[in-house]
Amino acid sequence: MPIKLENVTFTYMKGTPFEKTALQNVSLQIEKGEFVAVIGHTGSGKSTLVQHLSGLLHPQKGTVCVDGIDLSAKNADAKKARNSVGMVFQYPEHQIFAETVYEDIAFGPRNKGLQPDEVDRAVRDAMAFVGLDFETFAQRSPFRLSGGQMRRVAIAGVIAMEPDYLILDEPSAGLDPRARDAVFTEVMALHKKRGMAVILVTHNMEEAAQYASRLLVISGGQIILDGKPHEIFTGHREELVAASMDVPQIYKLADCLKEHGLAVDYTPQLAALERQILALRRAQHAD
């Protein structure tokens, strides 16, 4: 069940002096089970892209389909297709609205028409998956939780809908290293256990390098690079710099070590170096 974009174009405030084309003739296919990172500078079009993937925006030209079903259609099949794509926004307080954690997570399953016992099972399973103890958190106000816990509630609300695709818009924004690691541990477990596709929007090159198996680089409303993160970060540095981006620090460290006569392969030695650096960062934060 792929998400497929064909020649998608979208312009904000069309016909006004403030007209801005955010996407221009974008064609793309994302398969279920992929982990795709989307990177680009501010205003590049990445947020507009993922809002099209989730059906929050519809193209002015072109089509967005899930398993051949046009997301812009107004019928039961299109609604079902849109429900197969879940999105967690950058700031969970914009997505959370209910008085209790339970009611917030239950909203989606109820909207799907599930019976009360099915809703309860979906809420309990989703909370367990993101590491929120049911007895401790179910009746708490989500607005009294920490940033990391709120992020988990937002993710649980999407998981309870059992989507085939999970879009995460800057999920680590505002989180300390430990909370960031906890969120990504849960996301990776979800990705592997359920075979759910993950589309990660991030400014953090290290996140893209560490978690994604495919990288989309967007600039000027177009996808300028599409490939494996390692290949893009090692073979397309000039294009990244031209698009106001950079390579992860770990790649720069590997280059520096090579310049000083230490033969460091990007894989798997690079991954080992990255794990050591992350461990040092966590230790420093703990102190």
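Residues numbered from 1 in each chain as written. Predicted model: local features only at pLDDT ≥ 70, side-chain atom pairs only at ≥ 80, totals over all residues. Heavy atoms only, no water.

Visitor: Give me the lowdown on a nonpolar patch on the surface, citing residues and values where you can.
Guide: On the surface, Y12, M13 and F18 cluster together to form a nonpolar patch covering roughly 340 Å² of accessible area. Considering the arrangement of structural elements, one finds M13 in the loop between β1 (3-12) and β2 (20-30). (Patch = residues over 30% accessible without salt bridge, like charges linked within 9 Å, V, L, I, M, F, W, Y side chains within 5 Å. Areas by Shrake-Rupley, 256 points an atom, 1.4 Å probe, with all protein chains shown as cover. Salt bridge = Lys/Arg side-chain N within 4 Å of Asp/Glu carboxyl O. Helix = DSSP H or I, 4+ residues; strand = E, 2+ residues; numbered from the N terminus.)

Visitor: Help me get a handle on the packing of helix α6 (residues 147-159) against helix α7 (residues 177-194), residues and values and all.
Guide: The interhelical angle for the contact between α6 and α7, taken along N-to-C directions, is 15°, at an axis separation of 9 Å. The angle between the axes of α6 and α7 places the two elements in the roughly parallel class. Of the two possible hands of crossing, α6 and α7 adopt the one that is right-handed. In this structure, α6 uses G148, R151, R152, I155 and I159 to contact α7, whose residues at the interface are A179, A182, V183, E186, V187, L190 and R194. (Axes fitted to C-alpha atoms, helices over the stretch in contact; angles between N-to-C directions. Parallel < 35°, antiparallel > 145°, perpendicular 65-115°, else oblique. Left-handed = near helix turned anticlockwise from the far one by under 90°. Contact = heavy atoms within 4.5 Å.)

Visitor: Lay out the pattern of salt bridges in plain terms, naming residues and giving numbers.
Guide: Per the stated rule, a full pass over the model turns up nine salt bridges. A salt bridge links D164 to K32; the nearest nitrogen and oxygen atoms lie 3.1 Å apart. Placement of the pair is D164 in the loop between α6 and β7 (165-169) and K32 in the loop between β2 and β3 (35-39), with a sequence separation of 132 residues. For D164, a relative accessible area of 17% gives the class buried. For K32, a relative accessible area of 41% puts it in the partly exposed group. Through salt bridges with shared partners, a single ionic network connects E34, R214 and D226. (Buried < 20%, exposed > 50% of the residue type's maximum accessible area, 1.4 Å probe, protein only.)

Visitor: How would you sum up the layout of surface pockets? Please name residues and give values.
Guide: If a probe as big as a water molecule is rolled over the atoms, it shows which places are left empty. Quantified by volume, the largest pocket comes out at close to 650 Å³. Together, 22 residues line the largest pocket, and Q95, F107, G108, V158 and M161 are the ones closest to its centre. Of all the elements in the fold, those that place two or more residues in the lining of the largest pocket are α2 (76-83), β6 (85-88), α3 (101-111) and α6. Top element by residues in the lining of the largest pocket is α3. It accounts for four residues. (1 Å grid on protein atoms, 1.4 Å probe; cavity = no way out; pocket = protein on both sides within 12 Å on 5 of 7 lines; lining within 4 Å. Points joined across faces, edges and corners; volume = space filled by probe spheres on them.)

Visitor: Requested: an account of the environment of A173, with residues and values cited.
Guide: For A173, the position within the fold is in the loop between β7 and α7. Exposure remark for A173: the relative accessible area of 18% places this residue in the buried category. Not counting residues up to four positions away in its chain, the partners in contact with A173 are Q90 and R151.

Visitor: Explain the sheet that holds β3 to me, using residue names and the numbers behind them.
Guide: Hydrogen bonds along the backbone pair up the strands of a sheet, which may run parallel or antiparallel. Read across the sheet, six strands follow the order β6-β7-β8-β3-β9-β10 without closing on themselves; strand pairing throughout is mixed. One side of each edge strand has no neighbouring strand; the edge strands of this open sheet are β6 and β10 (222-227). Pairwise comparison of adjacent strand axes, ignoring direction, gives a mean angle of 20° for this sheet. In this structure, β3 lies alongside strand β8 (residues 197-201), joined through four bridges in parallel fashion. Each bridged residue has a counterpart across the sheet, and for V38 the counterpart in β8 is V201. (Pairing = 2+ DSSP bridges.)

Visitor: Please provide a residue-by-residue account of the packing of aromatic side chains, values included.
Guide: Scanning the entire structure with this criterion turns up five aromatic pairs. With centroids separated by 5.9 Å and ring planes inclined at 80°, the aromatic side chains of Y102 and F134 adopt a geometry described as edge-to-face. Within this pair, whereas Y102 is found in helix α3, its partner F134 is found in helix α5 (residues 134-137), the two being separated by 32 residues in sequence. Grouping residues by exposure puts Y102 and F134 together as buried. Note that R124 overlies the ring of F134, its terminal NZ or CZ placed 3.8 Å from the centroid. Geometry around F129 places R194 over its ring, the cationic atom sitting 5.6 Å from the centre. (Phe/Tyr/Trp six-rings, centres within 6.5 Å; stacked < 30°, edge-to-face > 60°. Lys NZ or Arg CZ within 6 Å of the ring centre and 35° of its normal.)

Visitor: Lay out helix α1 (residues 46-53) with the relevant residues and their values.
Guide: Within α1, six of the eight residues are buried, which leaves it mostly tucked inside the rest of the structure. Those residues of α1 that sit buried are K46, T48, L49, V50, H52 and L53. Following α1 by one or two positions, G55 adopts a phi angle in the positive range, close to 85°.

Visitor: Outline the pairing of β8, supporting the account with residue identities and numerical values.
Guide: Of all five residues making up β8, five are buried, and the element is well covered by its neighbours. Residues A197, I199 and V201 point to one face of β8 and V198 and L200 to the other, with burial holding for every one of them. Pairing of β7 with β8 involves five bridges; the strand directions are parallel. Among the inter-strand pairings, L168 is bridged to a residue of β8, identified as L200. Crossover β7 to β8 through α7 is right-handed. (Right-handed = clockwise from strand over helix to strand, strands pointing away.)

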